[in-house]
Amino acid sequence: MTQTSDGSSPSSDLHNDTDAASGGLGRRKFLGYVMAGSTLVVAADITAGRPARAAVPSDPQIPEAYDLEDLQTDSALPTSQLITVTITKEGRAKFALPRTEVGQGIITSTAMILAEELDLPFDKVDVTLAPARPELLLNQLTGGSNTTFSTYTPIRVAAAIARGRLIEAAAILFGTTADRLTTTGGVVSDALGNQATYGQLASAAASQVVEAVEVVLRPKEDFKVIGRPRNRTDARAAVTGQKDFTTDLQVPGAKPTMVCRAPEHGGTPKRLNNRAKILRMPGVTHVAQVPTGIAVRANTFGQCIDAIREMDVTWNNGPVHGWSDATVLNKLRKGELPLVVPDVPVLAQTINTNFAFAFRSSAALETYSAIADVRPDKATIWAGLKVPILAQQRVAEAIGMSQDKVKVNVITGGGSFGHKLFGDHAIEAARISKAMKVPVKLMWHRADEPRQGRLHPMATSRIRATVLNGQVLSFEQRHTSVTTDFSHGLGEMITSQADELDPLGIGGFGFAETIFTLTQELPYNFGLVTQLLNEPLEFEDKFSTGSMRNIYSPDTCVAAELTIDQIANKLGKDPVAFRLSMLKNERVKAALRKVAEEGSWGRKMTPGTAQGVAIHKEYKGCTAVLVEIDTRPQTVNRDLGKETVTGPRVTKVVIAVDAGLVINPRGLEAQMQGGAMDGIALTLTSSCHLKDGRFLEASWDNYFYTRQWNVPPKVEIHIVKSDSDTPGGAGEAAVGSTAAAVACAYARATKRLPTFFPINHGEISFKPKSFVPPVPQSPTNGLKLAR
């Protein structure tokens, strides 16, 4: 029997945490393993004894019973026992996290979880990123705000087993029993003054065979680390330029490499007409044609750019040759599912709304980058990858090698927003390295990202609501979208959980429809609620798309919350009061009340300015957002110097978030701030324009993500106390609700209902960069600017 840090029996004083799969409270014990080895290695197994899920009631929506968090967590459970924690002879805990750090702070929060359960100082916990581990199957995917939700219990179980084994080893050493011992800060001691560090006990606690053991976990009321604000472990390195990303790595022989890409989206190379000339250019070592373009390797990236600008390439047209925004929008309109109002009283009023959303780039601050060293008998990859096992498989297929011959090292990514769910950059780098027969350090140019990279699909969202006597009788939403590519691992998860999905009535759905259904939840009492997705087949394989941050929810939330404001207006009710009267979830109500109070909802506003409010419930948590916006001419038309686009300014953002059990409040606040910036951009400024098969945007100077001029000086974050014993998903929680709140504020300030987003998409306020050559001239004064 293992002991708690105060020496009491865990079987009597410790209760296990909420079952991560079911979300319900329980006191069952967890099973784990002590692995064979020379020092202490432990693993968790939380697959046994999983409770059966209840049937889904007819009134609640499916995500209230089973959502995308559950799908991902259940998919990971079969291999949870393969996640191990090691205690070294130096008394340090080592853990290779089978997820990817892309700026969300999971290395820090994971270290906090381990420090808590091990009773070990935080600075003695080393968390690294695991390379691709095929044996983990579906347990190495980072996405859907699922990392902490799915790993929280397995990590705690492994840590608790480790602490228990160390206590047992100390009991033998001290000649006493385990129930007389305590742990504090990585030291086991007894009442007589005997002490031993974890490092001193690590070898004695190790097992020569694999043993199954049971453990219960530390109760929430005893937490000393979890729930306390902590700076990220890599914060200083990130802001001082000391943090290593893929292109910072010094892999022997891996020289800078870039690709000359087609002018049309999805275009492919036919031939390079001046190969000999390019090879004679300064610094150029290799040139190769690959499916995505013409690759060039040189001594510097600047020399790569110079070579690309001189290339004479004959291109094949892309799959959307001749298409423009209007083409896509017309095809979406033709593919829209019908709205079918159910039987309602004759006197009921109908509210119809219709919205459209442009293509948007999911590019992160760090462009696609990968290092590849492909030899005749093996290959090694270094890249920021959120699904490294699948990337390993795809790389192996691309270069004609077995998967076990490909090693994939996961590198911290400089952002993702869904972009790095795909291994496009790793696959491309591997192909180039094989063709050139040398190691390469591939970097996409900033101009490549919005033109050839992954995009959030253009979509329409139509809503029809019926009201009578102050009540909403029905609320129908039909979302029609360009195909979203889910070939990054979520599709395999859906297939693996078919038995769970069948009772919900979605077992026969396609990947997109399943994910849409598992993420969309409208927590209002609006009578008959239906939210359906259609992705017309004619968009298959036409665009390079992906699961941009929060997937479908920013668009559906904007459409729904704007419509709710319209309903409230028709009924003559205050938007906040109306929502509170209709919400059916107490957690959402508490968040909405909080922002209304903290944001001084209803205060008198100057004409041309207004408040807006919105809520969003997803991923076992919820957010409410209040914003204030300034749309007055003196703000919209102000001189911003070199900026080529202006517009309204959001002057205030207040967010209330209930994310369940919060591991690191400071990290949660950062996630909310980032989500708010995304939401502002999606509603006001950021989009990609398609014209004649080409996307016009190229780099951040004309892809208008949120700028300093349209965001508030301060974003207020209020963490609402939650009664949940497990973490919810927080990485995307504020995106949809902020985008919707900004849209609602804009509509109230201008007294016009916006119907196309972002609101500035109709005006092209920049001169597009050239398509041939596809990249601008390389800078010559970079070092001067960096000083």
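Cut-offs and rules
Residues numbered from 1 in each chain as written. Predicted model: local features only at pLDDT ≥ 70, side-chain atom pairs only at ≥ 80, totals over all residues. Heavy atoms only, no water. Helix = DSSP H or I, 4+ residues; strand = E, 2+ residues; numbered from the N terminus. Contact = heavy atoms within 4.5 Å. Areas by Shrake-Rupley, 256 points an atom, 1.4 Å probe, with all protein chains shown as cover. Lys, Arg positive; Asp, Glu negative; His and termini not counted. Charge placed at Lys NZ, Arg CZ, Asp CG, Glu CD. Axes fitted to C-alpha atoms, helices over the stretch in contact; angles between N-to-C directions. Left-handed = near helix turned anticlockwise from the far one by under 90°. Nonpolar A, V, L, I, M, F, W, Y, C, P; charged D, E, K, R; others polar. Core = buried A, V, L, I, M, F, W, Y, C linked by side-chain atoms within 4.5 Å. Buried < 20%, exposed > 50% of the residue type's maximum accessible area, 1.4 Å probe, protein only. Phe/Tyr/Trp six-rings, centres within 6.5 Å; stacked < 30°, edge-to-face > 60°. Lys NZ or Arg CZ within 6 Å of the ring centre and 35° of its normal. Salt bridge = Lys/Arg side-chain N within 4 Å of Asp/Glu carboxyl O.

## What to know about the overall build of the protein chain
(1) Moving on: Along the backbone of the protein chain there are 22 helices and 31 strands.
(2) Moving on: Its C-alpha atoms give the protein chain principal-axis dimensions of about 80 × 80 × 50 Å.
(3) Moving on: Within the protein chain, counting contacts between residues at least 6 apart in sequence, those at least 24 apart form 79% of the total.
(4) Moving on: With an accessible surface of roughly 30,100 Å², the protein chain has 51% of that area assigned to carbon and sulfur atoms.
(5) Moving on: Across the protein chain, the 85 positively charged side chains and the 80 negatively charged ones have centroids separated by 7 Å.

## Concerning the packing of helix α3 (residues 106-118) against helix α4 (residues 147-174)
(1) Moving on: Where α3 contacts α4, the axes come no closer than 8 Å and their chain directions differ by 35 degrees. Crossing geometry of α3 relative to α4 is assigned as right-handed. For the pair α3 and α4, contact is made by Ile 106, Ser 109, Thr 110, Ile 113, Leu 114, Glu 117 and Leu 118 and by Thr 147, Thr 148, Tyr 152, Ile 155, Arg 156, Ala 159, Ala 160, Ala 162 and Arg 163, respectively.
(2) Moving on: Counted by class, the contact of α3 with α4 contains 9 nonpolar, 4 polar and 3 charged residues.

## Section: the nonpolar core
(1) Moving on: Phe 475, Phe 526, Val 653, Ile 655 and Met 672 are the most contacted members of the largest nonpolar core, which has 71 residues in total.
(2) Moving on: Top element by residues in this core is helix α21 (residues 733-750). It accounts for 12 residues.
(3) Moving on: The next biggest cluster of nonpolar side chains, apart from the first, holds 54 residues, and it includes Ala 132, Ile 381, Ile 427 and Leu 518.

## Overview of the packing of aromatic side chains
To describe a pair of aromatic rings, one takes the distance between the centres and the angle between the planes.
(1) Moving on: All told, the structure shown has 16 aromatic pairs when counted by the stated rule.
(2) Moving on: Ring centres 6.1 Å apart and planes at 55 degrees place the aromatic pair Trp 323 and Phe 543 in the tilted group. Within this pair, whereas Trp 323 is found in the loop between β14 (313-316) and α9 (325-334), its partner Phe 543 is found in the loop between β24 (528-534) and α16 (553-570), the two being separated by 220 residues in sequence.
(3) Moving on: A relative accessible area of 13% means that Trp 323 is categorised as buried.
(4) Moving on: On the basis of relative accessible area, Phe 543 is assigned to the buried category, the value being 10%.
(5) Moving on: Judged by centre distance (4.7 Å) and plane angle (40 degrees), the ring pair of Phe 359 and Phe 543 falls under tilted. Of this pair, Phe 359 sits in the loop between β15 (349-357) and β16 (360-361) while Phe 543 sits in the loop between β24 and α16, and the two are 184 residues apart along the sequence. Neither residue differs from the other here; Phe 359 and Phe 543 are each classed as buried.
(6) Moving on: Taken together, the ring pairs connect Trp 323, Phe 359, Phe 539, Phe 543 and Phe 695 into an aromatic cluster.
(7) Moving on: Just above the ring of Phe 122 sits the side chain of Arg 230; from NZ or CZ to the centre is 4.0 Å.
(8) Moving on: Here Arg 454 stacks its cationic end above the ring of Phe 422, 3.6 Å away from the centre of that ring.

## Section: the environment of Leu 537
(1) Moving on: Checked against the element boundaries, Leu 537 lands in the loop between β24 and α16.
(2) Moving on: Its relative accessible area of 70% is what places Leu 537 among the exposed residues.
(3) Moving on: The spatial distance from the C-alpha of Leu 537 to the C-alpha of Ser 581 is 40 Å, given a sequence separation of 44 residues.

## Quick word on the pattern of salt bridges
(1) Moving on: Scanning the entire structure with this criterion turns up 34 salt bridges.
(2) Moving on: A salt bridge links Glu 628 to Lys 652; its shortest N-O distance comes to 3.9 Å. Here the residue Glu 628 occupies a position in strand β26 (residues 621-630), and Lys 652 occupies one in strand β27 (residues 649-658), the gap between them amounting to 24 residues. Across the pair, Lys 652 and Glu 628 agree in class, each one buried.

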